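A structural walkthrough
Now for the letters of each chain:
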Amino acid sequence: EAGVAQSPRYKIIEKRQSVAFWCNPISGHATLYWYQQILGQGPKLLIQFQNNGVVDDSQLPKDRFSAERLKGVDSTLKIQPAKLEDSAVYLCASSRGAGRSPQYFGPGTRLTVT
Amino acid sequence: GESVGLHLPTLSVQEGDNSIINCAYSNSASDYFIWYKQESGKGPQFIIDIRSNMDKRQGQRVTVLLNKTVKHLSLQIAATQPGDSAVYFCAENTRHSSASKIIFGSGTRLSIRP
């Protein structure tokens, strides 16, 4: 079974620029998550999708972050405009269901904002 | 409140010894707990999970213990190997509004002494 795929693996941009990350979940997984992981901390949930609907985006900074999951499979996360404090690893995860179901993570995208 | 914490930020263990990583959680309504292993430059890797109706679960070389009375979770790794070096996160599933949410702790770094 192929794992969660993410691209790019690394991205360096200047502040106020925009950036987009892509995620392809494990086949058959209905739930998709985007996390932000700042160095030395645990992952923090940004947004959770169930199929192509948003379940939880309470911690997504909606003035600059947006995400979509068209057709209930792949997902993109966008930051526009980026700030220095957005430097982090952005992790995508998927699970068969929501709640009591293990999440499987991709390798992440390391974003550096200068 | 909703928080997951760890007693020790770092743990150094002799190769071949058993490792015990501890975690405290604060939400008594949490019903599902997961341990993840994160190696440098990689996404978190699912190790083992446990539901709140159990107090012990065993996997290959790993055991998770859950004490709901004191809201404590531990991960035991038998015969620790160099490949076990990583940051270990505990996570809890808690209800937030109408959705379940996985909340991660800040992690414990496990290092192995030869």
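The structure under discussion appears in the preceding block.
Residues numbered from 1 in each chain as written. Chains lettered and ligands numbered in written order. Predicted model: local features only at pLDDT ≥ 70, side-chain atom pairs only at ≥ 80, totals over all residues. Heavy atoms only, no water.

1. A closer look at the environment of Ala-30 of chain A
- Mapped onto the elements of the fold, Ala-30 of chain A is located in the loop between strand 3 (19–24) and strand 4 (31–37).
- In this structure Ala-30 of chain A touches Phe-49, Gln-50, Asn-51, Arg-69, Ser-95 and Arg-96 of chain A, once residues within four positions along its chain are discounted. (Helix = DSSP H or I, 4+ residues; strand = E, 2+ residues; numbered from the N terminus. Contact = heavy atoms within 4.5 Å.)

2. As for the packing of aromatic side chains
- Using the criterion set out here, one finds twelve aromatic pairs over all chains in the structure.
- Measuring from ring centre to ring centre gives 6.4 Å for Phe-65 of chain A and Tyr-90 of chain A, while their planes differ by 40 degrees; the resulting arrangement is tilted. Of this pair, Phe-65 of chain A sits in strand 7 (residues 65–68) while Tyr-90 of chain A sits in strand 9 (residues 88–95); the two residues are 25 residues apart in sequence, bridging distant segments of the chain.
- According to the relative accessible area criterion, Tyr-90 of chain A is buried, its value standing at 0%.
- Geometrically, the ring pair formed by Phe-105 of chain A and Phe-104 of chain B is edge-to-face, given 5.9 Å between the ring centres and 80 degrees between the ring planes. (Phe/Tyr/Trp six-rings, centres within 6.5 Å; stacked < 30°, edge-to-face > 60°. Buried < 20%, exposed > 50% of the residue type's maximum accessible area, 1.4 Å probe, protein only.)

3. Regarding the state of the cysteines
- Taken as a whole and judged by the stated rule, the model has two disulfides over all chains.
- Covalent S-S linkage joins Cys-23 of chain A and Cys-92 of chain A, the inter-sulfur distance amounting to 1.9 Å. Given an S-S torsion of about -70 degrees, the disulfide between Cys-23 of chain A and Cys-92 of chain A has left-handed geometry. Highlighted residues: Cys-23 of chain A in strand 3 and Cys-92 of chain A in strand 9, separated in sequence by 69 residues. Exposure class is identical for Cys-23 of chain A and Cys-92 of chain A. Each is buried.
- With a sulfur-sulfur separation of 1.8 Å, Cys-23 of chain B is cross-linked through a disulfide to Cys-90 of chain B. (Disulfide = S-S within 2.5 Å.)

4. Things to note about the interface of chain A and chain B
- Chain A puts 23 residues into the contact, and the matching count from chain B is 21 residues.
- Buried surface at the junction of chain A and chain B, summed over both partners, amounts to about 1700 Å²; 55% is from carbon and sulfur atoms.
- The interface formed by chain A and chain B holds zero salt bridges in total.
- Summed over the shared surface of chain A and chain B, the number is three residue pairs in polar contact (both at pLDDT 80 or more).
- Where the side of chain A that touches chain B is concerned, the elements lending two or more residues are strand 4, strand 5 (44–50), strand 6 (53–56) and strand 10 (104–105) of chain A.
- When its residues are assigned to classes, the side of chain A that touches chain B shows nine nonpolar, eleven polar and three charged. (Buried area = accessible area lost by both parts, 1.4 Å probe. Salt bridge = Lys/Arg side-chain N within 4 Å of Asp/Glu carboxyl O. Polar contact = N/O pair within 3.5 Å; in protein donor to acceptor, adjacent residues only side chain to side chain. Nonpolar A, V, L, I, M, F, W, Y, C, P; charged D, E, K, R; others polar.)

5. Considerations on the environment of Thr-76 of chain A
All names here are of chain A.
- Position of Thr-76 among the secondary structure elements: in strand 8 (residues 75–79).
- The spatial distance from the C-alpha of Thr-76 to the C-alpha of Ser-58 is 18 Å, given a sequence separation of 18 residues.
- Excluding its chain neighbours within four sequence positions, the residues that come into contact with Thr-76 are Phe-21, Trp-22, Trp-34, Ser-66, Ala-67 and Glu-68.

6. Structural notes on the pattern of salt bridges
- Applying the stated rule across the entire model yields five salt bridges over all chains.
- For Asp-57 of chain A, the salt bridge identified is with Lys-62 of chain A, shortest N-O distance 3.7 Å.
- On the basis of relative accessible area, Lys-62 of chain A is assigned to the exposed category, the value being 51%.
- In this structure, the salt-bridge partner of Arg-61 of chain B is Asp-84 of chain B, at a minimum N-O distance of 2.9 Å.

7. Section: the side chain of Glu-92 of chain B
All names here are of chain B.
- Mapped onto the elements of the fold, Glu-92 is located in strand 9 (residues 86–96).
- One buried charged residue, Glu-92, remains without a salt bridge, the closest side chain of opposite sign being Lys-71 at 8.8 Å.
- Side chain to side chain, Glu-92 and Ser-30 meet in a polar contact 2.2 Å long. (Lys, Arg positive; Asp, Glu negative; His and termini not counted.)

8. So, the nonpolar core
- The biggest cluster of nonpolar side chains holds 21 residues, and the ones touching the most others in it are Phe-21, Trp-34, Leu-77, Ile-79, Tyr-90 and Leu-111 of chain A.
- Elements with a minimum of two residues in this core: strand 3, strand 4, strand 5, strand 8, strand 9 and strand 11 (109–113) of chain A.
- Excluding residues that lie within four positions of it along the chain, Phe-21 of chain A makes contacts with Ser-7, Pro-8, Trp-34, Ser-75, Thr-76, Leu-77, Ile-79, Tyr-90, Thr-109 and Leu-111 of chain A.
- Among the nonpolar cores identified, the runner-up in size contains 20 residues, and Leu-11, Trp-35, Leu-66 and Ile-77 of chain B belong to it. (Core = buried A, V, L, I, M, F, W, Y, C linked by side-chain atoms within 4.5 Å.)

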